[in-house]
Each structure stands twice: as C-alpha cells, then as structure tokens.
Amino acid sequence: EQIALPAVQRAAPPLAAVPEVDLALAAADAGGGGRAAAARAVARACEEHGFFKVTGHGVPAPLLARVEAAAAAFFALPQQEKEKAAAAPGGGSPFGYASKRIGGNGDLGWVEYLLLGVGAAALPGAPLSDAPAGASPCSFREILDEYVAAVRRMTCAVLELMAEGLGLEDTGALARLVLAGDSDSMLRVNHYPPAPRLEDTGALARLVLAGDSDSMLRVNHYPPAPRPEPGRRLTGFGEHTDPHIISVLRSNATAGLEISMQDGTWVAVPADADSFFVNVGDALQVLTNGRFRSVRHRVMVSSARPRVSVIFFGGPPPRERLAPLLGLVDRDGGRRRYRDFTWREYKTSAYRTRLADNRLAHFEFE
Ligand code: GA4
C-alpha cells in the first residue's frame, strides 16, 4: 500500500527549446533585418509561451556577481537582522523581508525573500541602505539600485522589441509606462534554501530534540512505509502569473523554475546564470488584448544547492488605464477582451487573491 508523501513529485521534463533573443545582435543589425527578425521572434515567444530568454543583455557580469554575493550575505544574517534591515521608510506591506509566507492570503512556500518598491525615483533612506553586502564596501541597497538601473534599461529595450513585434507604430508605448517617474515597479530577491534532504537523517530528530519540542506519546502500529523517492521536491513558490507588465528574472546556477505550457503541462527551465528570463505579466496580456500570454510559472526546490533569484517587475503608474494598445483591437475584429480598469484597481484586486487564482478572469468580457 502506497502512502503519498505530500512533498514528493516527479520532476518536470526540461523545456526542449527555450525561445531566445540576443539583444546585442538585434541592436547591431538594425539595418540588416536582424532587429526585425528579433522583434518577430520575441512576439512569437510572447504569444506561444509568454516566456523567453534574453542574451546579449548588456548588464555587466561583475554587477550580477556582486548582487548574487550581496544577496547570499544578506540571507545568511540572523533572522532578526534581516527583518530589521528590510523595515524602513517605503518598506511597508507588501514590502520588506518575509520567510515562507507569500502575500497576505495564506500562501506558503519554501522560500525567504525581500520585496522592494523601485519606482524610477530612488528614495533616500530606503530599506537596506544600512545593510552590509558581504565583502563589498557598498550597502546592499546601493548594489541593488545599480542593478535596477541596468535592468530597467534592458527591460525597456525588450519592451521596444515587443512593440515592434506587435507592429505598433508607437514603439515606445510600452517602455514609457515602465520609465514613468511614478511607475509601480518592484524588485524581488528570493532565496530558496535546499529542501531538507531525506538522507539528512538528523533533520526530523533535531526538531523533536529541541528543548521546547511539543511532544506527546501515542502507541500506534504503522505498516511499513514506502521508501521515499530520491528526488524529493518541495514547492518553493506556488504556481501563479505575475500581475505587472513584465518580469525580468536572473538566478544563480541552481534550477527550479518551471513554466506551464498552453496545454497545462509543466516544463523545467534549465538554469542559466549568464542570461535573463522574461515573463509576460497580466497587465501586458491586457495591453495586447490577450495576444501575449501571461505565463503561469512556479519554483520547485530540491535538495541540491540554494537557489537565489532576483526579479524586476516593470509596472505602470497606478493611475494608468489598462486598455488595448492602439491598433491591436482593430486587428482582433474590434472585439475587446477585457473591460476598462486602472493598474491601481487591478493591483488591489490581485492582492486579495490566492497565488494560484486566475486574476484576470474577473476583468474579462464574456
Ligand atoms: C506575484 C508576482 C510578484 O512576486 C508579487 C507577488 C505578490 C506578493 O508576493 O506579495 C502576490 C503575487 C505576486 C500575486 C497575487 C498576490 C500578490 C502574492 C499574492 C498572493 C510581488 C506581485 O506583485 O504579485
């Protein structure tokens, strides 16, 4: 008789061909048709998966290494110091540091993280301004601000390619939303500690041996338990779509990210620490009248090494009306898929949902 252990899941197969765009190549070959080809490839990836890889991104490798080292140093701090460092002006809910709790509606994951507001205008005395960054003389905040500036620039280059791929006349229409002084953009730094190994035979005993362990006595007979599978996986970040326009992710060399295909099957995205990964968010699905797909994704954690990921969420200003971009509805036979709403309205509604919910369903026309 098999007893299902909740954390055990079979590994998803790897995504066979990750769509990829080389920004440097696209920029260098503007005249030779390379740029137009890159724009078409980006649009195709956004339609099919809502997901693609970016190489030739221009974010310096030493900066990526500094961010990764600073994040590792931060998460190695004692719990209390992490909480204190992240609580500062501009650090109110949902921003700050948290462990295991995701959002405010009961979602849990095998993850600890920092969430920071990073609108175009930097705040003096922002969270983490005093936090050390490992060996670096800069504060963690200074390193993150430098990173956000570089990633925002690259994000706008990607958004311009998307606009070109959509055939928009105004190719700056998407990038302008994220560049606005009051753009509602965020940075998330996730740390997924390795799942406790089943081979770590002390993991459970240590809990019970704790001085304040809540133990009881009960006499039961258990039939022999099945041998647990070797590839034990925990949910690091449960399945969801991102609410913003665009998410730009970079991780260390530890895998874990999985995306959902259109038929609902899950595929694993092989880690690539030298590249960025782009997700289409709900707001971009609306702006494209459903043509680009907001990709459902999750992070699964195994027992190997810690995963660290840093995600820039590019969002519009709160007052911005999310309506299909000029020209896109005509092409869809004049039919609008979503009713009118502002980003502020959408966010308020999204933050009341559970992670796995379909947040856009509520705004769809029949
Ligand atoms: C998913 C994308 C971003 O990480 C995030 C998340 C936010 C949070 O962690 O507070 C949310 C989640 C995300 C979607 C639905 C709501 C809000 C948790 C949650 C259950 C920062 C975001 O903007 O939306």
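Residues numbered from 1 in each chain as written. Predicted model: local features only at pLDDT ≥ 70, side-chain atom pairs only at ≥ 80, totals over all residues.

Visitor: Would you take a moment to explain the site of the ligand for this structure?
Guide: Not every one of the 17 residues close to the ligand is listed here, only the nearest: Pro94, Gly103, Asp242, Pro243 and Leu355. Classifying every residue of the shell around the ligand gives nine nonpolar, four polar and four charged. (Near = placed C-beta within 6 Å. Nonpolar A, V, L, I, M, F, W, Y, C, P; charged D, E, K, R; others polar.)

Visitor: Is there a simple way to explain the packing of helix H3 (residues 61-75) against helix H5 (residues 140-165) in this structure?
Guide: In a packed pair of helices, the relevant descriptors are the angle between the two axes and the axis-to-axis distance. Look at H3 against H5: their axes get within 10 Å of each other, and the N-to-C directions meet at 140 degrees. Judged by the angle between their axes, H3 and H5 are oblique. Of the two possible hands of crossing, H3 and H5 adopt the one that is left-handed. In this structure, H3 contributes Leu63, Arg66, Val67, Ala70 and Phe74 to the contact, and H5 contributes Phe140, Ile143, Leu144, Glu146, Tyr147 and Ala150. Its residues placed into classes, the contact of H3 with H5 shows nine nonpolar, no polar and two charged. (Axes fitted to C-alpha atoms, helices over the stretch in contact; angles between N-to-C directions. Helix = DSSP H or I, 4+ residues; strand = E, 2+ residues; numbered from the N terminus. Parallel < 35°, antiparallel > 145°, perpendicular 65-115°, else oblique. Left-handed = near helix turned anticlockwise from the far one by under 90°. Contact = placed C-beta atoms within 7 Å.)

Visitor: Help me understand the sheet that holds strand E2 (residues 51-55), please; the structure alone is not making it clear to me.
Guide: The strands making up a sheet associate through backbone hydrogen bonding, with each pair oriented either parallel or antiparallel. Taken in spatial order, the eight strands of this open sheet run E1-E2-E12-E9-E14-E7-E4-E3, and their pairing is mixed. Of all strands in the sheet, those bounded by a partner on one side alone are strand E1 (20-22) and strand E3 (96-102). Averaged over all neighbouring strand pairs, the angle between strand axes comes to 25 degrees, with direction disregarded. Here six bridges tie strand E4 (residues 107-117) to strand E7 (residues 186-192), and the two strands are oriented antiparallel to one another. Note on E7: the bridge partner recorded for Leu114 is Val189. Across the face of the sheet, H3 comes into contact with E4, E7, strand E9 (246-251) and strand E14 (307-314) while running at roughly 115 degrees to E14. In this fold H5 packs onto E1, E2, E4, E7, E9, strand E12 (276-280) and E14, with an angle of close to 60 degrees to the strand it touches most, E14. (Pairing = 2+ DSSP bridges.)

Visitor: Explanation requested: the environment of Ala163 in the structure shown.
Guide: Structurally, the position occupied by Ala163 is in helix H5. As for Ala163 and Ala205, which are separated by 42 residues in sequence, their C-alpha atoms are 56 Å apart. The residues touching Ala163, leaving out its near neighbours within four places in the chain, are Leu168, Thr171, Ala173 and Leu174.

Visitor: Would you mind going over the sheet that holds strand E10 (residues 257-260) with me for this structure?
Guide: One open sheet accounts for four strands, arranged E8-E13-E10-E11; its pairing is antiparallel. The strands lining the two open edges of the sheet, one partner per strand, are strand E8 (234-240) and strand E11 (266-268). Within the sheet, the average angular offset between the axes of one strand and its neighbour, ignoring direction, is 25 degrees. Of the strand pairs in this sheet, E8 and strand E13 (residues 297-301) are connected by four bridges, and their pairing is antiparallel.

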